Amino acid sequence: SSMGSSSCLQRLKRQPALLKPLVGQTIRHNSALNPKSLAVTAHAIAKISYKTKKSIVDSDKLWELLERNIIQKATSPKGNFSVQECANIVWSFAKKFGGRSKTTTTSHSTYNISMLFDAMLNELSPKLRQCNAQDIANTVWAYATVDHPATALFDGMMSTAIRKLEK
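Reference entry: report on the structure contained in this document. In this text the structure is predicted, and so the values were computed from the model without any measurement.

Cut-offs used in this document
- Residues numbered from 1 in each chain as written.
- Predicted model: local features only at pLDDT ≥ 70, side-chain atom pairs only at ≥ 80, totals over all residues.
- Heavy atoms only, no water.
- Helix = DSSP H or I, 4+ residues; strand = E, 2+ residues; numbered from the N terminus.
- Contact = heavy atoms within 4.5 Å.
- Axes fitted to C-alpha atoms, helices over the stretch in contact; angles between N-to-C directions.
- Parallel < 35°, antiparallel > 145°, perpendicular 65-115°, else oblique.
- Left-handed = near helix turned anticlockwise from the far one by under 90°.
- Nonpolar A, V, L, I, M, F, W, Y, C, P; charged D, E, K, R; others polar.
- Core = buried A, V, L, I, M, F, W, Y, C linked by side-chain atoms within 4.5 Å.
- Buried < 20%, exposed > 50% of the residue type's maximum accessible area, 1.4 Å probe, protein only.
- Salt bridge = Lys/Arg side-chain N within 4 Å of Asp/Glu carboxyl O.

## What about the side chain of asparagine 69?
Locating asparagine 69 in the fold gives a position in helix α4 (residues 59-74). Setting aside anything within four residues of it in sequence, one finds asparagine 69 in contact with Asn30, Ser31, Leu33 and Leu38.

Structure (structure tokens):
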């Protein structure tokens, strides 16, 4: 419920360490996460961090592992991220790293945002017709936020959006 999530966020603002056990388990089992789990995890930590205005305990390590695992899975022959998973992943990383340089270094980690966005671009490109309005909006916003060149993707998404509007 809305009231439940609001009080949960308030508690997380006061005690962000409450997430430490969950983050620890995610870090330990990161390599076993499938594309959907990777997308959901990235989306959740980006949203919680944004809503609470606090960094989640051990989040640098978690973001680094997520990034590495997403790139590895997306560049493997099986890849198989859905368009929604791709949209959620790029939205999450743009929310976390938007406006920073293509390679961002925090106190503990170095992130290669360009490589991740390229991997998602390769996953998305053959699936553009499957995009819905939310996928298009999140993806275009994310690529623009991190200033990652994706002209062909934008053109393809615009064509997809126009086709959907004409129906």
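## Quick notes on the packing of helix α5 (residues 83-97) against helix α6 (residues 113-124)
In contact at an axis separation of 10 Å, α5 and α6 are set at 160 degrees when each is read in the N-to-C sense. Between α5 and α6, the angle falls in the class roughly antiparallel. Once α5 is placed against α6, the crossing between them reads as left-handed. Across the interface between the two elements, Val83, Cys86, Ile89, Val90, Phe93, Ala94 and Phe97 from α5 touch Ile113, Leu116, Phe117, Met120, Glu123 and Leu124 from α6. Per-class residue counts for the contact of α5 with α6 are twelve nonpolar, no polar and one charged.

## Points about the nonpolar core
Counting residues in each nonpolar core, the largest one holds 41 residues, and the members touching the most others are Ile70, Phe93, Phe117 and Met120. When contributions to this core are tallied by element, the ones reaching two or more residues are α2 (20-28), α3 (35-52), α4, α5, α6, α7 (133-145) and α8 (151-166). In terms of residue count, the dominant contributor to this core is α5 (eight residues).

## Description of the side chain of serine 92
Within the secondary structure, serine 92 is located in helix α5. The buried category is assigned to serine 92, whose relative accessible area is 0%. Not counting the four nearest positions on each side in its chain, serine 92 is found in contact with Ala42, His43, Ala46 and Trp63.

## Observations concerning the pattern of salt bridges
As a working rule, side chains carrying opposite charge can pair if their charged atoms are close by. Scanning all chains against the criterion turns up two salt bridges. Arginine 68 is paired through a salt bridge with glutamate 64; the nearest N and O atoms lie 3.4 Å apart. You can see arginine 68 and its partner glutamate 64 sitting in helix α4, four residues apart, about one turn around the helix. On the basis of relative accessible area, arginine 68 is assigned to the partly exposed category, the value being 47%. Among the salt bridges present, the one from glutamate 123 reaches lysine 127, with a minimum N-O distance of 3.1 Å. Pair check on accessibility: glutamate 123 and lysine 127 agree, each one buried.

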